[in-house]
Amino acid sequence: MHRIILDTDVAMGAPGSDIDDGFAMALAVDLADQSLELVTTVNGNTDVETATVVALDLLDRLGRPGIPVVKGAPAPLLRPLHDHPARDRVAGLRERLGGRAPAPGRAATAIIDHVLANPGEISLVAIGPLTNVAVALILEPSLSSAVKEIVVMGGVFLRTTSRLSMPGEFNIWIDPEAAAIVLNSGAHLRFIGLDVTLQVQLSRCDADRLQATGRPFASYAGRCANAWIDYLRAAYPRQGFDHAPMHDPLAVAVVSRPQLVTWRPARVVVEACSDITRGVTVADLLVSHRPPQPNCLVATEVDSAAFIEFFLNHVYSL
Ligand code: BDR
Ligand code: CA
């Protein structure tokens, strides 16, 4: 059994917000060979208060209200907050929860406590900015050897993107200093970057089918996916969006199915000084004559068809 902590900036259901963390949570709950033991929330796609409400709401919808949710960092380590969707957009979700609150404590200490109580057992899957993970590693350096591995959705390694406002990938861009701490921690790390996750897409047709299932989670998630695709279409009219990338579910899937992805050892560093290239990850794939010591595995290819089939088969039934 693969025992998991999911650290997430989940925003599914908050209008105009990304949905893939919600699908990642659903997959982690449903996989028979994974056990989701703790959810921690972090500022990123939305503010941490909203992420916490959304996480509680989704676990309710998934029939797993017993999984503890612990609130984490409200802001990056050093960087200012960027714009978030407004909190009042999730007022309806708060009402639905009827006052259910997160578990007491802070994400970083909850991560430390759970990992140290189960040394070598816990995979920490980080699908938002790495603030909580970095704080935990600073507070408790032995976390790096006690955690089984840290799987990160973050970075872009084999191709660059073309947005001047964010030349790298969102999770790393939001908190590059936190990413640097994680990369230097000595923990077993696997990184899945944007160049790979952009190859796994939920189509409009998949979203419609999910919506039509009538299943409690699947139909809600299908509705959210359609709303997100509509938003992407309106925000990026020239790109003709008719799909939504499933970045974060891939990070959950590879915990127990590493073969979905091809991995290469690499030395990865992150740009935290320049404003122009803030958060850009540079991967040395160790092809040089005297390669540096690797600090992680980096995903270089994905079997997208196999992943999407596997993923949808799980989500349809929820
Ligand atoms: C990452 O940023 C978020 O929008 C997604 O949830 C994913 O974690 C992709 O860059
Ligand atoms: Ca995310």
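Quick caveat, the model's predicted, so the values are computed rather than measured.

A. Geometry of the overall build of the chain. Across its full length, the chain carries 13 helices and 11 strands. Taking 318 residues into account, the globule formula puts the C-alpha radius of gyration at 20 Å, and the chain, at 18 Å, falls close to it. With respect to the three principal axes, the spread of C-alpha positions in the chain is 55 × 45 × 40 Å. Put simply, 80% of the contacts in the chain that link residues at least 6 apart link residues at least 24 apart.

B. Helix α2 (residues 48-61), seen in detail. Its 14 residues give α2 an end-to-end C-alpha distance of 20 Å, which sits within 8% of 20 Å, the value for a rise of 1.5 Å per residue. Restricting attention to buried positions, one finds in α2 the residues V48, T50, A51, T52, V53, V54, A55, L56, D57, L58, L59 and R61. Residue G63 follows α2 closely and has a positive phi angle near 75°.

C. Region of the structure containing the packing of helix α1 (residues 20-30) against helix α11 (residues 216-235). Two elements in contact, α1 and α11, have axes separated by 10 Å at closest approach and are oriented at 160°. Considering the angle they form, α1 stands roughly antiparallel to α11. For the pair α1 and α11, the sense of crossing is left-handed. Side by side, α1 and α11 meet where G22, F23 and A26 of the first sit next to F217, A221 and C224 of the second. Grouping the constituent residues of the contact of α1 with α11 by class yields 5 nonpolar, 1 polar and no charged.

D. A look at the confidence of the model for the chain. Of the residues in the chain, 96% reach a pLDDT of 70 or more, and the chain-wide mean stands at 93. Interface confidence for the predicted complex, expressed as ipTM, amounts to 0.99; the pTM equals 0.96.

E. Structural detail: the packing of helix α10 (residues 204-212) against α11. Running from N to C, α10 and α11 cross one another at 145°; their axes reach a closest spacing of 7 Å. Between α10 and α11 lies a crossing whose hand is left-handed. The residues of α11 that touch α10, namely those facing R204, A207, D208, L210 and Q211, are A218, S219, A221, G222, R223, A225, N226 and I229. For the contact of α10 with α11, a count of residues per class yields 6 nonpolar, 4 polar and 3 charged.

F. The arrangement of the site of ligand 1 in detail. Around ligand 1 lies a shell formed by D18, D20, D21, N45, I127, M153, E169, F170, N171, L194, H247 and D248. Taken together, the elements giving at least two residues each to the shell around ligand 1 come down to α1, α7 (170-174) and α12 (247-256). Looking at the shell around ligand 1 residue by residue, the class counts come to 4 nonpolar, 3 polar and 5 charged.

G. Layout of the sheet that holds strand β11 (residues 296-302). Within the open sheet, the 9 strands sit side by side as β3-β2-β1-β4-β5-β6-β11-β9-β10. Their pairing is mixed. Only two strands of the sheet have a single neighbouring strand rather than two, namely β3 (69-70) and β10 (281-284). For strand β9 (residues 261-270) and β10, the ladder comprises 4 bridges, and the chain directions are antiparallel. Residue V270 lies in a different strand from β10, and its bridge partner there is T281. On top of the sheet, α1 reaches β1 (2-8) and β2 (34-41); it is set at about 165° to β1, its chief contact. Of the strands in this sheet, β1, β2, β4 (122-126), β5 (149-153), β6 (189-192), β9 and β11 touch α12, which is tilted by about 155° from β5.

H. Representation of α1. The buried fraction of α1 is high, at 10 of 11 residues. For α1, every residue scored as buried is listed here: D20, D21, G22, F23, A24, M25, A26, L27, A28 and V29.

I. Quick peek at the pairing of β6. Of the two faces of β6, the one carrying L189 and F191 and the one carrying R190 and I192 are both buried. With 4 bridges joining them, β5 and β6 adopt parallel strand pairing. Along β6, the bridge assignment pairs V151 with R190. The sheet contact formed by β6 and β11 spans 2 bridges and is parallel. Residue R190 lies in a different strand from β11, and its bridge partner there is L297.

J. Layout of the environment of S219. Mapped onto the elements of the fold, S219 is located in helix α11. A residue is classified by how many C-beta atoms lie within 10 Å of it, and S219, with 15 of them, is partly exposed. Separated by 174 residues in the primary sequence, S219 and N45 have C-alpha atoms spaced 22 Å apart. Sequence-distant contacts of S219, defined by excluding residues within four places in its chain, comprise L210, Q211, T213 and G214.

Parameters and conventions
Residues numbered from 1 in each chain as written. Chains lettered and ligands numbered in written order. Predicted model: local features only at pLDDT ≥ 70, side-chain atom pairs only at ≥ 80, totals over all residues. Helix = DSSP H or I, 4+ residues; strand = E, 2+ residues; numbered from the N terminus. Rg over C-alpha atoms; globule rule 2.2 N^0.38 Å. Contact = placed C-beta atoms within 7 Å. Expected span 1.5 Å × (residues − 1). Buried ≥ 20, exposed ≤ 12 C-beta atoms within 10 Å, placed from the backbone. Axes fitted to C-alpha atoms, helices over the stretch in contact; angles between N-to-C directions. Parallel < 35°, antiparallel > 145°, perpendicular 65-115°, else oblique. Left-handed = near helix turned anticlockwise from the far one by under 90°. Nonpolar A, V, L, I, M, F, W, Y, C, P; charged D, E, K, R; others polar. pLDDT = per-residue confidence, 0-100. Near = placed C-beta within 6 Å. Pairing = 2+ DSSP bridges.

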